[in-house]
Amino acid sequence: MTHLDRILAGRIYFEGDFIEGCVGVSGGEIVFIGKEANAPSYDEKIDLGRLIVVPGLIDIHAHLRGMRLKHKEDFLTGTCAAAAGGFTLVLDMPNTDPPTNNHLRMMEKIEEASDKIVVDVGFYFGKPENRRELERLLNTVAIGVKLYPEDYCGSSQAELAGMLKTVRESGRKIVFHPEDLSVIKENRSKYPAQLKGVEKHGFIRPLEAELSALDLFRRLSEPGSHATHLTSVRSIRKARGYGFTFDVSVNHLALSDEDLSSMGSICKVNPPLRSPEERSMLVESVNRGEVPVIVTDHAPHTVEEKSATLYDEVPSGIPGFETAFPVLIDMVNRGFLNLHRVLEALTKGPASFLGDAKLGGIVEGNVANLTVFDHKEEWHVEPEDFYTRAKYSPFKNRVLKGRVKATLVRGEFVFRDNEILVSRGFGKIYGFKRS
Ligand code: NCD
Ligand code: ZN
Ligand code: ZN
């Protein structure tokens, strides 16, 4: 049997159950799962006691920014935050400045990221500038396209439909942000141009905008596209009926429009937080096993930007990496969420979205991406201590029960006990895999 680099002894999430035992790692792969007595020889043993070892968390929707948005986040701060939150692989969105919508920008982004990332990172490209750029983007490692409302709610639908067909035929992902711009514009026009505050956010971008966007996108493309951050059970039913895959964000599971009312701008996010009733129904949907993927939608802005007075000037987005998993585990501890469903939606679900059989499970032969957490440890959320550059959070001052203790990528500790242990550039660019 192979000699092991290290074994981790603790409570291992294996085949949907927790077993007292060891995971053995060699050359970045999981090569042994079982009792220590049966393990091959090893260099190092890490005794994790009662801590739980789960497959490395995967986030298929995050914003690492960089380029001209470095003041919000860069590839180092963003991936350190991801590691601190238990994430081993994150997929970065293309709504950058400049947008990641042609071959050159994608290559520049990959170059900028390569020597900074500490966990693995995959990339989406934005609506391609033209067909030629699309063809060239399909020769990169990008895993697919991400479309925003302004990309598909307007004219030139035929050209876009053609491009989406090409994306689909190449085996890449089509992910879209479902909110209908015409509904939003109509609602926005009911309020003064100099609208102050964010109280009207939920009226300007109501659930109807989300439902209508699902209808729009269905007309545009064939089934198989992915609707990201759905906020209601009605949206889920509609998306399923149309043959879309989908995910739900931690924000919409943990927060409601009452938090927007009490906290204001830091809770301004798109799509908006919905009513407490809508949120509970979404949580129940997770518990019934209807939500295959949960995302952070980590969307960092600066505190100054978030402090703007005018409605249109407050950027939407909440940083999520460092609170996402603890918030969900806290909800498990309080009896609201089912642990098994949460774990699957952060591991197996995203791995199958990617069509990557080597990720998402503690299985011999899989990549040794692992997340270690304490389901009972309580900690006080202090955004000043975050790795992300966005030092604000709707969960500020909350005491959460559930804490990430370590994150391993390809068998190496990237994060342990609040410290980042690898040098920048340890993370790898995650490339498109034909499934
Ligand atoms: C995201 C951002 O800041 O990039 N904001 C948000 O409110 N979710 C964009 C997005 O995901 O729609
Ligand atoms: Zn979005
Ligand atoms: Zn987003």
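This structure is a prediction, so every number in the text was calculated from the model and none was measured.

Section: the domain arrangement of the protein chain
Accessible area lost during the coming together of the parts is what is often quoted as the interface size.
Inference 1: According to the domain assignment, the protein chain contains domain 1 (4–52) and domain 2 (56–419).
Inference 2: Counting from both sides, the interface comprises 21 residues of domain 1 and, opposite them, 26 residues of domain 2.
Inference 3: For the pairing of domain 1 and domain 2, the buried interface totals around 2000 Å² over both sides, and the portion due to carbon and sulfur atoms is 63%.
Inference 4: Where domain 1 packs against domain 2, one counts 2 salt bridges.
Inference 5: In this structure, Asp 374 and Arg 50 form a salt bridge, with 3.0 Å as the shortest nitrogen-oxygen distance.
Inference 6: Elements with a minimum of two residues in the side of domain 1 that touches domain 2: strand 1 (4–14), strand 2 (17–26), strand 3 (29–34) and strand 4 (42–55).

Describing the coordination of the zinc ion (ligand 2)
Inference 1: Looking at the zinc ion (ligand 2), one finds its protein donor set to be His 177 (ND1) and His 229 (NE2), positioned 2.0 to 2.1 Å from the metal centre.
Inference 2: Taken together, the 4 donor atoms coordinating the zinc ion (ligand 2) and their angles of 53 to 137° define a geometry best described as irregular.
Inference 3: Taken as an interatomic distance, the gap from the zinc ion (ligand 2) to the zinc ion (ligand 3) is 3.9 Å. A residue pair is termed long-range when its members are at least 10 positions apart, and His 177 in the loop between strand 9 (173–176) and helix 6 (181–188) and His 229 in the loop between strand 10 (226–227) and helix 9 (233–241) qualify at 52 residues.
Inference 4: Look at His 177 and you get buried, because its relative accessible area is 6%.

Some details on the site of ligand 1
Inference 1: Around ligand 1, a shell composed of 14 residues is seen, among which Arg 65, Asn 95, His 177, Asn 270 and Asp 297 lie nearest.
Inference 2: Asn 270 is positioned such that a nitrogen or oxygen atom in its backbone is 2.8 Å from an oxygen atom of ligand 1.
Inference 3: Surface burial for ligand 1 is 93%, taken as the share of its 310 Å² of free accessible area covered by protein chains.
Inference 4: Classifying every residue of the shell around ligand 1 by side-chain character gives 3 nonpolar, 9 polar and 2 charged.

Looking at the coordination of the zinc ion (ligand 3)
Inference 1: All of the protein donors around the zinc ion (ligand 3) are His 61 (NE2), His 63 (NE2) and Asp 297 (OD); their distances to the metal are 2.0 Å.
Inference 2: One way to put it: the 4 donor atoms around the zinc ion (ligand 3) meet at angles of 90 to 121°, and that makes the site tetrahedral.
Inference 3: In the primary structure, the donors to the zinc ion (ligand 3) are separated according to the pattern H-x1-H-x233-D.
Inference 4: Classification of His 61 by relative accessible area gives buried; the value is 1%.

Considering helix 9
Inference 1: Of the positions making up helix 9, those classed as buried are Val 233, Ser 235, Ile 236 and Ala 239. Looking straight down helix 9, one finds its buried side chains confined to an arc of 155°; they lie on one side. Across helix 9 from its buried face, at more than 90 degrees, point the exposed residues Arg 234, Arg 237 and Gly 241.
Inference 2: With a side-chain oxygen lying 3.4 Å from the backbone nitrogen of Arg 234, the N-terminal cap of helix 9 falls on Ser 232.
Inference 3: Note on helix 9: the residue one or two positions beyond its end, Gly 243, has a positive phi of about 80°.

Here's the deal with the environment of Asp 92
Inference 1: Structurally, Asp 92 can be placed in strand 6 (residues 87–92).
Inference 2: Sequence-wise, Asp 92 and Ala 142 are 50 residues apart; in three dimensions their C-alpha atoms are separated by 9.9 Å.
Inference 3: Contact partners of Asp 92, with chain neighbours within four places excluded, come to Ala 62, His 63, Leu 64, Arg 65, Phe 75, Lys 109, Val 121, Gly 122, Phe 123 and Tyr 124.

Quick word on unusual backbone geometry
Inference 1: The linkage connecting Asp 97 with the following residue, Pro 98, adopts the cis geometry, with an omega of -5°.
Inference 2: The topology assignment puts Pro 98 in the loop between strand 6 and helix 2 (103–114).
Inference 3: A cis geometry characterises the amide bond from Asn 270 onward to Pro 271, with omega recorded as -15°.
Inference 4: Relative to the elements of secondary structure, Pro 271 occurs in the loop between helix 11 (257–263) and helix 12 (276–287).

Section: helix 1 (residues 75–84)
Inference 1: Buried residues dominate helix 1, accounting for 10 of its 10 residues.
Inference 2: Among the residues making up helix 1, those that are buried are Phe 75, Leu 76, Thr 77, Gly 78, Thr 79, Cys 80, Ala 81, Ala 82, Ala 83 and Ala 84.
Inference 3: Capping of helix 1 at its N-terminal end is provided by Asp 74; its side-chain oxygen lies 2.8 Å from the backbone amide nitrogen of Leu 76.
Inference 4: Backbone geometry just after helix 1 places Gly 86 at a positive phi near 95°.

Side note on the sheet that holds strand 9
Inference 1: Reading across the sheet, the 7 strands line up as 5-6-7-8-9-10-11 and stay open at both edges, with parallel pairing between neighbours. At either margin of the open sheet sits one strand with a lone partner, and together these are strand 5 (57–62) and strand 11 (245–246).
Inference 2: Relative to strand 7 (residues 120–125), strand 6 is paired through 4 bridges, and the arrangement is parallel. Its bridge partner being in strand 7, Leu 89 is matched across the sheet by Asp 120.
Inference 3: Most of the contacts of helix 8 (residues 207–220) go to strand 9, to which it runs at about 150°, and overall it touches strand 8 (144–147), strand 9 and strand 10.

Let's talk about the environment of Phe 32
Inference 1: Relative to the elements of secondary structure, Phe 32 occurs in strand 3.
Inference 2: Through-space distance from the C-alpha of Phe 32 to that of Ile 7 is 8.6 Å; in sequence the pair is 25 residues apart.
Inference 3: Here Phe 32 is in contact with Leu 4, Cys 22, Val 23, Gly 24, Asn 38, Ala 39, Pro 40 and Glu 364, once residues within four sequence places are set aside.

Points about the sheet that holds strand 2
Inference 1: The strand order across the open sheet built from 8 strands is 3-2-1-4-14-15-16-17, with neighbouring strands paired in mixed fashion. Among the strands making up the open sheet, the edge pair consists of strand 3 and strand 17 (419–420).
Inference 2: Where strand 4 and strand 14 (residues 370–380) come together, 4 bridges link them in antiparallel fashion. Opposite Val 54, over in strand 14, you have Thr 371 as the bridge partner.
Inference 3: Contacts between helix 1 and the sheet are confined to strand 15 (399–409), strand 16 (412–416) and strand 17, with strand 16 contributing the most and set at about 90° to the helix.
Inference 4: The strands touched by helix 14 (residues 321–333) within the sheet are strand 14 and strand 15, with strand 15 carrying the most contacts at an inclination of about 130°.

Reading the values: rules and limits
By convention here, each chain's residues receive numbers from 1 onward along its written sequence. Written order decides the labels, with chains lettered from A and ligands numbered from 1. Reporting of local features is limited, given that this is a predicted model, to residues whose pLDDT is at least 70; pairs of side-chain atoms are given and counted only at 80 or more, and all residues count toward the totals for whole chains, interfaces and linings. Water and hydrogen atoms play no part in the side-chain values, which are based on all heavy atoms of the structure. Segmentation of the chain into domains, including their bounds, is taken from an automatic or database domain assignment. Note on contacts: a residue pair is in contact if any heavy atoms of the two residues lie within 4.5 Å. Buried area: the accessible area, evaluated with a 1.4 Å probe, that two parts lose upon being put together, summed over both parts. Salt bridges are identified by distance alone: a Lys or Arg side-chain nitrogen within 4 Å of an Asp or Glu carboxyl oxygen. The helix and strand labels rest on DSSP assignments: H or I over at least four residues marks a helix, E over at least two residues marks a strand, and numbering proceeds from the N terminus. Only N, O and S atoms count as donors, using a 2.8 Å cut-off from the metal and 3.2 Å for Na, K and Ca, and because water is excluded some sites may appear unfinished. Irregular is the default label, applied whenever a site is not tetrahedral (four donors, all angles between 85 and 135 degrees) and neither square planar nor octahedral (four or six donors, opposite donors over 155 degrees apart, all other angles between 65 and 115). Only protein chains enter the area calculation, which uses a 1.4 Å probe; residues under 20% of their type maximum are buried, those over 50% are exposed, and those in between are partly exposed. We call a residue near a given molecule or strand whenever any one of its heavy atoms falls within 4 Å of it. Identification of polar contacts relies on pairs of N or O atoms within 3.5 Å, with a donor-acceptor requirement for protein atoms, meaning one able to donate a hydrogen and the other able to accept it, and with residues adjacent in sequence counted only if both atoms are side-chain atoms. Residue exposure ignores everything except the shown protein chains as possible cover, and the areas themselves are Shrake-Rupley values with a 1.4 Å probe. For this scheme, ten residues count as nonpolar: Ala, Val, Leu, Ile, Met, Phe, Trp, Tyr, Cys and Pro. Four count as charged, namely Asp, Glu, Lys and Arg, and the remainder, Gly too, count as polar. Each C-beta atom gives one direction from the helix axis, and the arc is the one those directions make. For two strands to pair, DSSP has to find at least two bridges joining them. The convention used is that axes are lines fitted to C-alpha atoms, helices contributing only their stretch in contact, and that angles between N-to-C directions extend from 0 to 180 degrees.

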